[in-house]
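The lines below spell out each chain.
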Amino acid sequence: MRFFPILITFLVCYFLGNHNGAICVSMMMGDDVRSHGSGNAGLTNFIRNYGASRAVLVIAIDVFKAILACHIGGLVFDPLGYRLAGMTLGGVAVMLGHDFPALQGFRGGKGILSGWFIAFTIDWRIGVLIGIVFFAAYLLTQYVSLGSVLAAATFGVGFVIFHHDNLPVMLGGIFMSALTVYQHRSNILRLLKGEERKTNLLQKGTKK
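The following refers to the structure shown.

Calculation criteria
Residues numbered from 1 in each chain as written. Predicted model: local features only at pLDDT ≥ 70, side-chain atom pairs only at ≥ 80, totals over all residues. Heavy atoms only, no water. 1 Å grid on protein atoms, 1.4 Å probe; cavity = no way out; pocket = protein on both sides within 12 Å on 5 of 7 lines; lining within 4 Å. Points joined across faces, edges and corners; volume = space filled by probe spheres on them. Helix = DSSP H or I, 4+ residues; strand = E, 2+ residues; numbered from the N terminus. Core = buried A, V, L, I, M, F, W, Y, C linked by side-chain atoms within 4.5 Å. Buried < 20%, exposed > 50% of the residue type's maximum accessible area, 1.4 Å probe, protein only. Contact = heavy atoms within 4.5 Å. Phe/Tyr/Trp six-rings, centres within 6.5 Å; stacked < 30°, edge-to-face > 60°. Lys NZ or Arg CZ within 6 Å of the ring centre and 35° of its normal. Axes fitted to C-alpha atoms, helices over the stretch in contact; angles between N-to-C directions. Parallel < 35°, antiparallel > 145°, perpendicular 65-115°, else oblique. Left-handed = near helix turned anticlockwise from the far one by under 90°. Expected span 1.5 Å × (residues − 1). Arc of directions from axis to C-beta. Disulfide = S-S within 2.5 Å.

**A few points about the layout of surface pockets**
Phase 1: One number sums up the size of the largest pocket: a volume of about 700 Å³.
Phase 2: As for the largest pocket, its lining consists of 39 residues, of which Leu43, Thr44, Ile112, Val144 and Ser148 are closest to the centre.
Phase 3: Those elements that place two or more of their residues in the lining of the largest pocket are α3 (43-50), α4 (56-77), α6 (112-122), α7 (124-141), α8 (144-163) and α10 (185-193).
Phase 4: Here the lining of the largest pocket takes five residues from α3, the largest share from any one element.
Phase 5: For the second largest pocket, the lining is made up of 13 residues, of which Asn40, Lys110, Gln183, Arg185 and Ser186 are closest to its centre.
Phase 6: Looking at the lining of the second largest pocket element by element, the count peaks at three residues for α10.

**A look at the nonpolar core**
Phase 1: Formed by 30 residues in total, the largest nonpolar core has its most connected members in Ile118, Ile122, Ile130, Phe155, Phe159 and Met176.
Phase 2: Of all elements in the fold, only α1 (3-17), α4, α5 (83-99), α6, α7, α8 and α9 (167-183) reach the threshold of two or more residues within this core.
Phase 3: With seven residues, α5 is the single largest residue contributor to this core.
Phase 4: Each residue touching Ile118, except ones within four places of it in the same chain, is listed here: Ala66, Cys70, Gly91, Val94, Met95, Phe155 and Met176.
Phase 5: Residues Ile23, Ile47, Ala55 and Val58 belong to the second largest nonpolar core, which totals 10 residues.

**Describing the packing of aromatic side chains**
Phase 1: Tallying each qualifying case throughout the model produces 10 aromatic pairs.
Phase 2: Ring centres 5.0 Å apart and planes at 85° place the aromatic pair Tyr14 and Phe15 in the edge-to-face group.
Phase 3: When its relative accessible area of 37% is taken as the criterion, Phe15 is described as partly exposed.
Phase 4: Considering the side-chain rings of Phe117 and Phe120, the 5.9 Å spacing of their centres and the 35° angle between planes classify their relative orientation as tilted. Here the residue Phe117 and the residue Phe120 both occupy positions in helix α6, the gap between them amounting to three residues, near one helical turn.
Phase 5: Taken together through their ring pairs, the aromatic side chains of Trp116, Phe117, Phe120, Phe134, Phe135 and Tyr138 make up a single cluster.
Phase 6: Positioned above the aromatic ring of Tyr182 is the side chain of Arg185, whose terminal nitrogen or guanidinium carbon lies 4.0 Å from the ring centre.
Phase 7: For Lys198, the ring lying beneath its charged end belongs to Tyr143, and the centroid distance is 5.4 Å.

**Here we look at the packing of α7 against α8**
Phase 1: At a minimum axis distance of 8 Å, the contact between α7 and α8 shows a crossing angle of 155°. In terms of orientation, α7 lies roughly antiparallel with respect to α8. When the axes of α7 and α8 are compared, the crossing they make is right-handed. Residues Arg125, Ile126, Leu129, Ile130, Val133, Phe134, Ala137, Tyr138 and Thr141 of α7 pack against Val144, Leu146, Gly147, Ser148, Leu150, Ala151, Thr154, Phe155, Gly158, Phe159, Phe162 and His163 of α8.

**Some details on α7**
Phase 1: For α7, which comprises 18 residues, the first-to-last C-alpha distance of 26 Å matches the rise-based estimate of 26 Å (1.5 Å per residue) to within 8%.
Phase 2: Where α7 is concerned, the buried positions are Ile126, Gly127, Ile130, Gly131, Phe134, Ala137 and Tyr138. Projected down its long axis, α7 shows its buried positions confined to an angular sector of 150°, all on one face. Structural note: α7 exposes Trp124, Ile132, Leu139 and Leu140 on the side pointing more than 90 degrees away from its buried face.
Phase 3: In the segment just after α7, Gln142 is the residue with positive phi, at about 70°.

**Some remarks on the state of the cysteines**
Phase 1: Enumeration over the complete set of coordinates arrives at zero disulfides.
Phase 2: Free of any disulfide, Cys13 has its nearest neighbouring cysteine sulfur in Cys70, separated by 7.8 Å.
Phase 3: Take Cys24: it sits in no disulfide, and the sulfur closest to it among the cysteines is that of Cys13, at 17 Å.

**Here's the deal with unusual backbone geometry**
As a rule of thumb, non-glycine residues mostly have phi less than zero, and peptide bonds are mostly trans rather than cis.
Phase 1: Even without being a glycine, Phe106 presents a positive backbone phi close to 60°.
Phase 2: By secondary structure assignment, the location of Phe106 is in the loop between α5 and α6.
Phase 3: The residue Gln142 is not glycine, and still its phi comes out positive at about 70°.
Phase 4: If you trace the backbone, Gln142 turns up in the loop between α7 and α8.

Spelled out as structure tokens, the structure:
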């Protein structure tokens, strides 16, 4: 693979990832989701503070940018014979942009929603596994964070299982998995201490 396509793909997809759905929508409402609750620019904190009904646009933004970034990478690298690797590069870049957005002071989200659709776009089988693990864990415990951590681990396992013969794709999947688990480190500590807060994803929210 050549350096220039890698650089261009990474930069375009990284700055695409800077458009964090929770931040964008809360700012459209004249507020900043990061000034409330956990201070995180993620879907869970958004729902806790503004309600599930207002989260539709947040989801749309984060899902669209994840899918678009993967397809951008795929289109750039397809002529070079590395379509799947290009899609993975786009996924890595958009996730880094979502988690550490330069345009938003490097205070972003934790990447679970974007990561799920990155996985779906690269390999639908991994996306299905992630969805099953997340919703099973959440429905059984009401801990979004537990579902997210287990889903993130499933992300990496899925790439090892289905793409062990494609080293760049497998390593990209493992990296995104590890990054998402790392972003949930404070949640993991609270879960271990029994201090994590349960979440009703259909709640109305507290902010107007």
